[in-house]
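Residue-level structure breakdown
The lines below spell out each chain.
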Amino acid sequence: MRRAGPRWLGRIAAVVVGAVLVGSPVAIADAGSAEAGSANTGSAEAGSSTGQRCGRATEQQSGTSAKYELRDQGRDREYILHLPDDYERRSDWPLIIAFHGRGGTGTEIEGYSGLSTLPAVVAYPSGELGAGDGYRRAWQGAPYAPPDVDDVTFTAALLDQLQQTWCVDEQRSYATGKSNGGGLVNLLACRLPDRFAAVGIVAGAYYPQSRAGCAEADPMPIMIIHGTGDATIPYTGDADRDLPAVADWAADWADRNGCRSGPRSRTIGGDVTELRWSRCTDGADVTHLAVSNGGHVWPGALAYSGGGWITPTIDAQTELWQFFRRHTAPASANGGDR
């Protein structure tokens, strides 16, 4: 496969910058704090429904969030699960797993992301305590990650539990995350490409540990959202931490995915540049949204999500949803070849 040369990558950057336990509820909480991020978010449909009612019993009510536990690798891991309105009326809901940033929790990312407004089942796991600087919660894929925790294996176990317990469509499982959580999503895209139909990353931290195995990875549809004014994970990269320029990393994904068209560029609302690659292997298209002067934030955040400017032009949850709903994994997903 042809690799993108540094001169081509530099031109892209210049264009953008210039422009095994079945869970049981521990506590049920109202998800009313997550308000709609935009007018069209909740109305989006995720493909056709089977028309069958959910046949799996649950004490959790539709439209609420609850805390669950999963025993994995000798640890009790926690996650919040949100059920959409009218959950019991369908047997094939899309599933989204959302990973918080360093120092956050599943409850926190649910609160600011707006993902619980989407017509999908959404899981918000919490990371374990990492190393260095306050021992904050963190995910595999960064130098400060917990040294003895395999979050790739944990995610696979979480997917197994969710798909076996809830009325979700195994061919429409998606992952998203912010910052360190976005770095984990990048790693999952490379290490578990058969388990997700598409992934999306916001303000991702692409440390070398999060890029392990990507050179040989199967194609994966991916959306990358990042602010050009991000002071935490610089858009132009950071040589001291071996962080790549974000536009270059998006182009690398397009190259690995065998995209034969693009990038096509357009400006949204004057402050968001969209780059799109298409005609990719297995339909694994790549979209990159660069927010001019945007900070280390979740665009459209419903609460504090990080430092810096938040654009009013886009909502990350809306953009991710529109991207996800275009992608369905082949029937051989969940263990087969993509």
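Residues numbered from 1 in each chain as written. Predicted model: local features only at pLDDT ≥ 70, side-chain atom pairs only at ≥ 80, totals over all residues. Heavy atoms only, no water.

Looking at the overall build of the chain
Regarding its fold elements, the chain presents six helices and 13 strands. Within the span of the chain, comprising 338 residues, buried residues form 58% of the whole. Counting every atom, the chain has about 13,400 Å² of accessible surface; 46% of that belongs to carbon and sulfur. (Helix = DSSP H or I, 4+ residues; strand = E, 2+ residues; numbered from the N terminus. Buried < 20%, exposed > 50% of the residue type's maximum accessible area, 1.4 Å probe, protein only. Areas by Shrake-Rupley, 256 points an atom, 1.4 Å probe, with all protein chains shown as cover.)

Here we look at the packing of aromatic side chains
Across all of its chains, the model carries eight aromatic pairs by this definition. When the centroid spacing of 5.7 Å and the interplanar angle of 15° are considered together, the rings of Tyr68 and Tyr79 count as stacked. Of the two residues, Tyr68 is situated in strand β2 (residues 64-72) and Tyr79 in strand β3 (residues 75-82); the sequence distance between them amounts to 11 residues. Side by side, Tyr68 and Tyr79 carry an identical accessibility label, which is buried. (Phe/Tyr/Trp six-rings, centres within 6.5 Å; stacked < 30°, edge-to-face > 60°.)

A short note on unusual backbone geometry
Across the junction of Gly262 and Pro263, the peptide omega takes the value 5°, indicating a cis bond. Even without being glycine, Asp242 reaches a positive phi, approximately 55°. Checked against the element boundaries, Asp242 lands in the loop between β10 (222-227) and α5 (246-256).

Concerning the environment of Cys167
Structurally, the position occupied by Cys167 is in the loop between α3 (151-165) and β8 (168-178). Expressed as a C-alpha distance, the spacing of Cys167 and Glu88, which sit 79 residues apart in the sequence, is 8.3 Å. Residue contacts for Cys167: discarding those within four places in its chain leaves Cys54, Gly55, Arg56, Tyr87, Arg90, Ser91, Asp92 and Trp93. (Contact = heavy atoms within 4.5 Å.)

Side note on helix α2 (residues 106-113)
All of the buried residues in α2 are Gly106, Ile109, Glu110, Tyr112 and Ser113. Summarising the contacts, the buried residues of α2 are in contact with β2, β3, β4 (93-99), β5 (121-125), β8 and α6 (316-324). Looking one or two residues past α2, Gly114 carries a phi angle of roughly 75°, positive in sign.

Comments concerning the nonpolar core
Formed by 56 residues in total, the largest nonpolar core has its most connected members in Leu81, Leu162 and Trp253. Residues contacting Trp253, with those up to four places away along its chain left out, are Asn186, Ala189, Cys190, Met220, Ile222, Ile224 and Val286. (Core = buried A, V, L, I, M, F, W, Y, C linked by side-chain atoms within 4.5 Å.)

Quick look at α3
With 15 residues, α3 extends 20 Å from end C-alpha to end C-alpha; this agrees with the ideal 21 Å at 1.5 Å per step. Restricting attention to buried positions, one finds in α3 the residues Asp151, Val152, Phe154, Thr155, Ala156, Ala157, Leu158, Leu159, Gln161, Leu162, Gln163 and Thr165. If you check the start of α3, you find a side-chain oxygen 3.1 Å away from the backbone N of Val152, and it comes from Asp150. (Expected span 1.5 Å × (residues − 1). Polar contact = N/O pair within 3.5 Å; in protein donor to acceptor, adjacent residues only side chain to side chain.)

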